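Structural overview
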Amino acid sequence: MANTTSAKKATRKIVRRTEVNKARRSRMRTFLRKVEEAIASGDKSAAADALKAAQPEIMRAAQKGIVHKNTASRKVSRLAHRVSALAS
């Protein structure tokens, strides 16, 4: 348990940031799920649209520190590869 005033304030800040980060992570995962579902359905145009919407959301999560920059890039790259493979 925090004893000093600054430690108590830090605890309050952590709680607020955690809530914001949870929301951002959830939002990113929702966009990822939409791309996955579009890929699973085999609809290339829907998958491309979903990827186009998901890419900025994933990179924003990386910018905000929710995921590492390389992790975000890897996710986008793999999804883009899978979407482009739908045509063939």
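The structure we're discussing is the one just above.
An account of the accompanying structure is given in this report. Computed from a prediction, not measured in an experiment: that's the story for all the values here.

Moving on, we get to helix α1 (residues 5-41). The α-helix advances 3.6 residues per turn, and as a result positions three or four apart in sequence lie on the same side. The terminal C-alpha atoms of α1, which comprises 37 residues, lie 54 Å apart, in line with the 54 Å expected from a rise of 1.5 Å per residue. Met28, Phe31, Leu32, Val35, Ala38 and Ile39 are the residues of α1 that are buried. Buried positions along α1 lie against α2 (44-63) and α3 (69-85). After α1 finishes, the residue Gly42 shows a positive phi value of roughly 85 degrees.

On to α3, then. The terminal C-alpha atoms of α3, which comprises 17 residues, lie 24 Å apart, in line with the 24 Å expected from a rise of 1.5 Å per residue. Buried within α3 we find Thr71, Ala72, Val76, Leu79 and Val83. In an axial view of α3, the angular spread of the buried residues amounts to 130 degrees, which keeps them on one side of the axis. In α3, those exposed residues whose orientation departs by more than 90 degrees from the buried face are Arg78 and His81. Next to the buried residues of α3 lie α1 and α2.

Let's shift gears to the nonpolar core. If you look at the biggest cluster of nonpolar residues, it comprises 19 residues, and the most contacted ones within it are Met28, Val35, Ile39, Ile58, Val67 and Leu79. If you tally residues by element for this core, the top one is α2, at seven residues.

With that out of the way, let us pick up the packing of α1 against α2. Any two packed helices are characterised by the angle at which their axes cross and by the distance between the axes. Two elements in contact, α1 and α2, have axes whose closest approach is 9 Å; the angle formed by their N-to-C orientations is 160 degrees. Overall, the two elements α1 and α2 adopt an arrangement that is roughly antiparallel. Here α1 runs over α2; the crossing is left-handed. Contacts between α1 and α2 involve Arg27, Met28, Phe31, Leu32, Lys34, Val35, Ala38 and Ile39 on the former and, on the latter, Ala46, Ala47, Ala50, Leu51, Ala53, Ala54, Glu57, Ile58 and Ala61.

A separate point is a positive patch on the surface. On the surface, Lys8, Lys9, Arg12, Lys13, Arg16, Arg17 and Lys64 cluster together into a positively charged patch. Looking at the secondary structure, you find Arg16 in helix α1. Assessed through its relative accessible area of 52%, Arg16 is described here as exposed.

Calculation notes
Residues numbered from 1 in each chain as written. Predicted model: local features only at pLDDT ≥ 70, side-chain atom pairs only at ≥ 80, totals over all residues. Heavy atoms only, no water. Helix = DSSP H or I, 4+ residues; strand = E, 2+ residues; numbered from the N terminus. Expected span 1.5 Å × (residues − 1). Buried < 20%, exposed > 50% of the residue type's maximum accessible area, 1.4 Å probe, protein only. Contact = heavy atoms within 4.5 Å. Arc of directions from axis to C-beta. Core = buried A, V, L, I, M, F, W, Y, C linked by side-chain atoms within 4.5 Å. Axes fitted to C-alpha atoms, helices over the stretch in contact; angles between N-to-C directions. Parallel < 35°, antiparallel > 145°, perpendicular 65-115°, else oblique. Left-handed = near helix turned anticlockwise from the far one by under 90°. Patch = residues over 30% accessible without salt bridge, like charges linked within 9 Å, V, L, I, M, F, W, Y side chains within 5 Å. Areas by Shrake-Rupley, 256 points an atom, 1.4 Å probe, with all protein chains shown as cover. Salt bridge = Lys/Arg side-chain N within 4 Å of Asp/Glu carboxyl O. Lys, Arg positive; Asp, Glu negative; His and termini not counted. Charge placed at Lys NZ, Arg CZ, Asp CG, Glu CD.

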